[in-house]
Structure formats: structure tokens, C-alpha cells
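Coordinates in review
So the chains spell out like this:
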Amino acid sequence: MPEQNLVLLGPPGSGKGTQGERLNEDLRLPYYATGDILRAAVRDETELGRSAKEYMDRGDLVPDEVIVGVIADRIDSNEARDGFILDGFPRTTPQAEALDAKLNDLGRALSGVLLIDVSDEEVIRRLGGRRTCEANGHVFHVEFEPPQEDGVCDIDGSPLIVRDDDKPEVIRKRLETYHEKTEPLVSYYDERSVLRRIAGEAVPDEVAEQVRRTLATLRMEQDETV
Ligand SMILES: [Zn+2]
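Below is a summary of the structure that appears in this document.

How each quantity is defined
Residues numbered from 1 in each chain as written. Predicted model: local features only at pLDDT ≥ 70, side-chain atom pairs only at ≥ 80, totals over all residues. Heavy atoms only, no water. Helix = DSSP H or I, 4+ residues; strand = E, 2+ residues; numbered from the N terminus. Rg over C-alpha atoms; globule rule 2.2 N^0.38 Å. Buried < 20%, exposed > 50% of the residue type's maximum accessible area, 1.4 Å probe, protein only. Contact = heavy atoms within 4.5 Å. Areas by Shrake-Rupley, 256 points an atom, 1.4 Å probe, with all protein chains shown as cover. Lys, Arg positive; Asp, Glu negative; His and termini not counted. Charge placed at Lys NZ, Arg CZ, Asp CG, Glu CD. Phe/Tyr/Trp six-rings, centres within 6.5 Å; stacked < 30°, edge-to-face > 60°. Lys NZ or Arg CZ within 6 Å of the ring centre and 35° of its normal. Pairing = 2+ DSSP bridges. Axes fitted to C-alpha atoms, helices over the stretch in contact; angles between N-to-C directions. Donors = N, O, S within 2.8 Å, 3.2 Å for Na, K, Ca; no water. Core = buried A, V, L, I, M, F, W, Y, C linked by side-chain atoms within 4.5 Å.

**Focus: the overall build of the protein**
When you go through the protein residue by residue, the secondary structure sums to 8 helices and 8 strands. Computed over its C-alpha atoms, the radius of gyration of the protein comes to 19 Å, within 12% of the 17 Å expected for a compact globule of 226 residues. Summarising its shape, the C-alpha atoms of the protein cover approximately 60 × 45 × 30 Å along the three principal directions. Within the span of the protein, comprising 226 residues, buried residues form 42% of the whole. Taking as baseline every contact in the protein between residues at least 6 positions apart, the subset at least 24 positions apart corresponds to 68%. With the model as given, the accessible surface of the protein reaches about 12600 Å², and the carbon-plus-sulfur share is 46%. For the protein, the distance from the average site of its 29 positive side-chain charges to the average site of its 48 negative ones is 1 Å.

Encoded structure:
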């Protein structure tokens, strides 16, 4: 069976994390949320983790080579022998190039990049409808999980607020950044014929089914080229 080396792309609120966890369960492939593995490397004080920490402590961005190194440490291990799922990296074209170069060194390549497509309006509807309990952080949604009484937490009666991150103008700003960075990345992977689009506005079960079918097709195509 060929390796399944996958990248997930999608805007905030696309349900990418949920799909990544499902893939992790269904395919038994390790799921690497990049922020998490970077923090783990820092915590475990690996050589690259220590290097990453120096940048973080100075308030600088961790350079692409260091992040790619941290990812490569995980990819080049027994747990990822049959493949992996990357989420949160790459975010830019130079990062995608660095990742490709590193995979190439390891004699591997990406087999698929899944773009979970969700419109800006839908992202704003999903994230902008969240209401958070001021006292204990319980989360509701005006449309999908409304509290019994408007503006009041069901669990402890505290006021519900809109967190700064969930304010429409903040969401719009995040989306702008997302489009600016991701669109070149989408073209990059499209040109390399690994990009597959998933209609992410369906309910999670349907999205998961699309992902499953897409991966089955990718595997068939890989088998034909082997
Ligand atoms: Zn509460």
C-alpha cells in the first residue's frame, strides 16, 4: 500500500481539525497539528526545539527551516512510516517549497493536499455566532447551540459574551490574511496536481465521506503510476 502523506488546508472555522482527527482514527495515520508538535519539541528540549525556543523567547518568528526540521523529525520516524496528516503547515509558498525539499531528501513526497473549502460568509456565520460564558468559558452558538435564555449561560447563569476573536471585524481580518497567504499555496499544489477540493459547507459526516472518497481516488491514481 502506498504512503498517504497528506496536508490539510482550510480557513479558520472550516472544521479542518475535526476532519484531521477523524482521518487519524480511520487511517491510523499520525495527525500533526504543527503548533502542537512545535510546542512538544520545545517541551522535550530536542535540539531543534531548543533552537525554536530561542526565536520564540526573543519574540521572533521561528524560521521555516527550523519548523520543517521539527516536522521532519516526526515524519522520519516509525509512527509515520505509512504516512501522516499535516495541519497548520505549510502556510506559505516558501514553506511548501522547504517541505517538498525535505520530503525529497527523505525519498518521499506529498500524496495529497486537501483544501476544505468554506466561503467567508459561512466562516463568519460559524465563528461569529459563538457566545462564550464570561465566568467559565462554556461555549454556545446563537444558531447551532443556542442557550435557553438569550445571553445567559445554561450551566452557571453567567453572562455570555462575544470574545474578541469571534467579532466579525476580527474574523474578516483573519480571513484576509488567510486568503493572502493560502491562495498562492493553492496554486502551488494545483500545479503539482496534488490539490483536491472538499466542499466544506456540508455537515461533518458528509465532509468526512467526501474526504474518504477523495483519498480512495488518490490511492487509485498512485497505484496506476507505480
Ligand atoms: Zn458558563
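Having seen the model, we can carry on.
**As for the packing of aromatic side chains**
Two descriptors summarise a pair of aromatic rings, namely the distance from one centre to the other and the angle between the planes of the rings. Using the criterion set out here, one finds 1 aromatic pair in the structure. On the basis of an interplanar angle of 80 degrees and a centroid distance of 5.2 Å, the ring pair of Tyr188 and Tyr189 is categorised as edge-to-face. Both residues of the pair, Tyr188 and Tyr189, count as buried. The cationic tip of Arg58 hangs over the ring face of Tyr55; the distance from NZ or CZ to the ring centre is 5.0 Å. In this structure, Arg192 packs its charged tip against the face of Tyr188, placed 3.6 Å from the ring centre.

**Observations concerning the sheet that holds strand S6 (residues 139–141)**
With antiparallel pairing, 3 strands are arranged side by side in an open sheet as S6-S5-S7. Each end of this open sheet is capped by a strand with a single partner; those strands are S6 and strand S7 (160–161). Each of strand S5 (130–133) and S6 touches helix H6 (residues 120–128); the most contacted strand, S5, lies at about 20 degrees to it.

**Side note on the coordination of the zinc ion**
Here the zinc ion is held by Cys133 (SG), His138 (ND1), Cys153 (SG), Asp156 (OD) and Asp156 (OD), and the distances to it run 2.1 to 2.7 Å. When the donor residues of the zinc ion are listed from N- to C-terminus, their spacing reads C-x4-H-x14-C-x2-D. Pair noted here: Cys133 is in strand S5 and Cys153 is in the loop between S6 and S7, with a separation of 20 residues, a long-range link. Both residues of the pair, Cys133 and Cys153, belong to the buried class.

**Concerning unusual backbone geometry**
The residue after Phe89, namely Pro90, is reached through a cis peptide bond having omega -5 degrees. Among the secondary structure elements, Pro90 is positioned in the loop between strand S3 (83–87) and helix H5 (93–105). At Ser193, a position not held by glycine, the phi torsion is positive, near 60 degrees. Given a relative accessible area of 53%, Ser193 falls into the exposed group.

**Re the nonpolar core**
Leu9, Ile71, Phe84, Leu99, Leu110, Val113 and Tyr189 are the most contacted members of the largest nonpolar core, which totals 32 residues. Listed by contribution, the elements that provide at least two residues to this core are strand S1 (4–9), helix H2 (34–43), helix H4 (64–75), S3, H5, strand S4 (112–117) and helix H7 (168–191). Not counting the four nearest positions on each side in its chain, Leu110 is found in contact with Asn5, Val7, Phe84, Leu99, Asp100, Leu103, Tyr189 and Val194. Ranked by size, the runner-up nonpolar core spans 12 residues in total, among them Leu29, Ile85, Ile116 and Ile198.

Such coordinate-based values are descriptive only and should not be taken to indicate function.
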